[in-house]
Amino acid sequence: MRLRCVECGATFEPLLIYRCSACGGILETDGSDDVAPFAFGEGRTPLLRASRIEATLSGFSGEIWLKDETRNPSGSFKDRLISAALGRAIAMGVRGVVCASSGNAGAATAAYAARAGMPAIIVVPAHTPIGKVTQISAHGAILLLVEGHYSRSYDLARALAEEHGFANLTTTFINPYAVAGLTQVGTEIFAQLGNAAPSHVLIPTGSGPLVKGVWQGLADAGATTRLVAVQAAGCAPIVRAFEAGAAQVTAWGMPDTIASGISDPLIGYERDGTYTLRLVRESGGLALAVSDDALRAAMQNLARLEGVYAEPTGASPIAALPRLLADGHLPAGSRVVCLITGHGFKDGRAYQEMPAHTHRVEDPGDTAAVARLCEAAMDGQNLTVRF
Ligand SMILES: *Cc1c(COP(=O)(O)O)cnc(C)c1O
Ligand SMILES: [Zn+2]
């Protein structure tokens, strides 16, 4: 296995290098890594049919599937990247690892490093959701909070890795061993559909390694599938370039969205976005943005209709479905896989603001009154239950 530049094709020994020394391009592994991952139960997540969400999409006749990545050990698909990259880092005998993160990659790194007994420094924006910050701290990692958008954390992690010989496990396209750990997502989807390709895969997209992983896994299986990169309207650099028909992605300003997992403005590594855009176009797919209100509605549908509890970013593919359908992108017979990338435990705020069926019981002995209360509440949901 060697490293190869996705832009100029130059190849390199598999060392801890992060960019092509000839052109500055993104490096990929040519084939799967021959060093074993540091495994901890990641991957092999369920693919669930979402028939109750299908029923909400009037005019849709096809299948919606949920690839439930919330089931990974630290609650997001980032475990797959960190597992692969940490296996490499250990094999190379590094002193420690550093990871810039919007929260989930940091939580994955902290958990896996704890298990490996490896020192870890995690760099996150100061406004990262408290659930993710708590998770990182719980595992004993050194946690650095940096004011401002994610790209500032990215720069600091890169400098720390370079100056102190730590492996950089940041999960943009910077670490080719990490990205190679995502090919399995595409491979699993193909196998779980009975060795058949979905028509579309909807992917919450920050810088895009997950798009690459799905693309690669499906390509390796000989499948052609339209990839849909979903971003938040408050941070959508790839969508903006797609809609403008531009070849290059340009950086976003300050992100403004509840979707913390994809609020990456790409400042300084715009070519990550450009590469992702290229893969999306090659697949015949598209990029589209969803509003925070659409994210909230999607979270509610996932939780109440399918039993799946997702953070705002994780629900973004569900938020994209009505728009894709309305714009004619989901013809009859479509088989759509939605990647549900992160767990609701990580960021429950949006759910806390939703109306809930919570009632204070003053007298638990008066079961008749409690039954009347439940009956009335269920009428409100158009459920006919009689006690
Ligand atoms: C990191 C992350 C993403 C975005 O993945 P990229 O590979 O950076 O595009 C999507 N969803 C969640 C929950 C994430 O943590
Ligand atoms: Zn190159």
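Residues numbered from 1 in each chain as written. Chains lettered and ligands numbered in written order. Predicted model: local features only at pLDDT ≥ 70, side-chain atom pairs only at ≥ 80, totals over all residues. Heavy atoms only, no water.

Looking up the protein chain in an unreviewed UniProt entry gives the name Pyridoxal-phosphate dependent enzyme, with the organism given as Bosea caraganae. If you open the UniProt record of the protein chain and go to Cofactor (unreviewed entry), you find "pyridoxal 5'-phosphate". (UniProt positions renumbered as here; feature names shortened; annotations may be inferred.)

### So, empty space enclosed by the protein
Applying the stated criterion to the full structure yields one cavity of 30 Å³ or more. Reported here for the largest cavity is a volume of approximately 340 Å³. Of all the secondary structure elements, the ones that give two or more residues to the lining of the largest cavity are α2 (78-91), α3 (104-116) and α8 (209-220). The residues that make up the lining of the largest cavity include at least three from each of domain 2 (47-72 + 180-348) and domain 3 (77-178). (1 Å grid on protein atoms, 1.4 Å probe; cavity = no way out; pocket = protein on both sides within 12 Å on 5 of 7 lines; lining within 4 Å. Points joined across faces, edges and corners; volume = space filled by probe spheres on them. Helix = DSSP H or I, 4+ residues; strand = E, 2+ residues; numbered from the N terminus. Domains from an automatic or database assignment.)

### Some points on the side chain of K78
Looking at the element boundaries, K78 is found in helix α2. This buried residue, K78, is left without a salt bridge; E311 holds the nearest opposite charge, at 7.7 Å. Filtering out sequence-adjacent residues up to four positions away, K78 remains in contact with N104, A105, A108 and T171. (Buried < 20%, exposed > 50% of the residue type's maximum accessible area, 1.4 Å probe, protein only. Lys, Arg positive; Asp, Glu negative; His and termini not counted. Salt bridge = Lys/Arg side-chain N within 4 Å of Asp/Glu carboxyl O. Contact = heavy atoms within 4.5 Å.)

### Looking at the site of ligand 1
Taken together, 16 residues are adjacent to ligand 1, and K78, N104, G206, G208 and T341 come closest. Contacts to ligand 1 include P209, whose backbone N or O atom sits 3.3 Å from an oxygen atom. One of the side-chain nitrogen or oxygen atoms of T341 is found 2.8 Å away from a nitrogen atom of ligand 1. Protein coverage of the free-state accessible area of ligand 1, which is 380 Å², stands at 96%. Judged by its atoms lying within 2 Å of the grid points, ligand 1 is housed in the largest cavity. Mapping the shell around ligand 1 onto the domain boundaries places at least three of its residues in each of domain 2 (47-72 + 180-348) and domain 3 (77-178). (Near = heavy atom within 4 Å. Polar contact = N/O pair within 3.5 Å; in protein donor to acceptor, adjacent residues only side chain to side chain. Areas by Shrake-Rupley, 256 points an atom, 1.4 Å probe, with all protein chains shown as cover. Sits in = over half its atoms within 2 Å of the grid points.)

### Looking at the coordination of the zinc ion (ligand 2)
Tetrahedral coordination by four donors places them ideally at 109.5 degrees to one another around the metal; octahedral coordination by six donors ideally gives 90 or 180 degrees. With distances of 2.2 to 2.4 Å, the protein atoms coordinating the zinc ion (ligand 2) are C5 (SG), C8 (SG), C20 (SG) and C23 (SG). In this structure, the zinc ion (ligand 2) is surrounded by four donor atoms whose angles at the metal cover 101 to 118°, and the resulting shape is tetrahedral. Look at where the donors of the zinc ion (ligand 2) fall in the sequence and you get C-x2-C-x11-C-x2-C. Linking C8 in the loop between β1 (3-5) and β2 (11-12) with C20 in the loop between β2 and β3 (27-29), this pair joins segments that are 12 residues apart in sequence. By relative accessible area, C8 is classed as partly exposed at 43%. Classification of C20 as buried rests on a relative accessible area of 4%. (Donors = N, O, S within 2.8 Å, 3.2 Å for Na, K, Ca; no water. Tetrahedral: all angles 85-135°; square planar, octahedral: opposite > 155°, others 65-115°.)

### As for the packing of helix α7 (residues 183-192) against α8
Each pair of packed helices can be summarised by the angle the axes make with each other and by the distance between the axes. Where α7 contacts α8, the two axes come as close as 6 Å, and the packing angle between them is 50°. By the angle between their directions, the pair α7 and α8 is classed as oblique. Here α7 runs over α8; the crossing is right-handed. Facing α7, whose interface residues are T183, V185, G186, T187 and F190, α8 presents L210, G213, V214, Q216, G217, L218 and D220. Looking at the contact of α7 with α8 residue by residue, the class counts come to five nonpolar, six polar and one charged. (Axes fitted to C-alpha atoms, helices over the stretch in contact; angles between N-to-C directions. Parallel < 35°, antiparallel > 145°, perpendicular 65-115°, else oblique. Left-handed = near helix turned anticlockwise from the far one by under 90°. Nonpolar A, V, L, I, M, F, W, Y, C, P; charged D, E, K, R; others polar.)

### Focus on the pairing of strand β8 (residues 142-146)
Taken together, the five bridges between strand β7 (residues 120-125) and β8 define a ladder with parallel strand orientation. From the neighbouring strand, I121 faces β8, where its bridge partner is I142. The β-α-β motif built from β7, the intervening helix α4 (residues 130-138) and the parallel element β8 has right-handed crossover chirality. (Pairing = 2+ DSSP bridges. Right-handed = clockwise from strand over helix to strand, strands pointing away.)

### Some words on the UniProt feature "domain: Tryptophan synthase beta chain-like PALP" (unreviewed entry) in the protein chain
When the UniProt feature table is mapped onto this chain numbering, "domain: Tryptophan synthase beta chain-like PALP" (unreviewed entry) sits at residues 40-342. Its end C-alpha atoms 17 Å apart, residues 40-342 is made of 43% helix and 16% strand.

### Thoughts on helix α12 (residues 316-326)
In terms of burial, α12 is largely enclosed, as eight of its 11 residues are buried. A positive backbone phi angle near 80° is found at G328, which sits one or two residues after α12.

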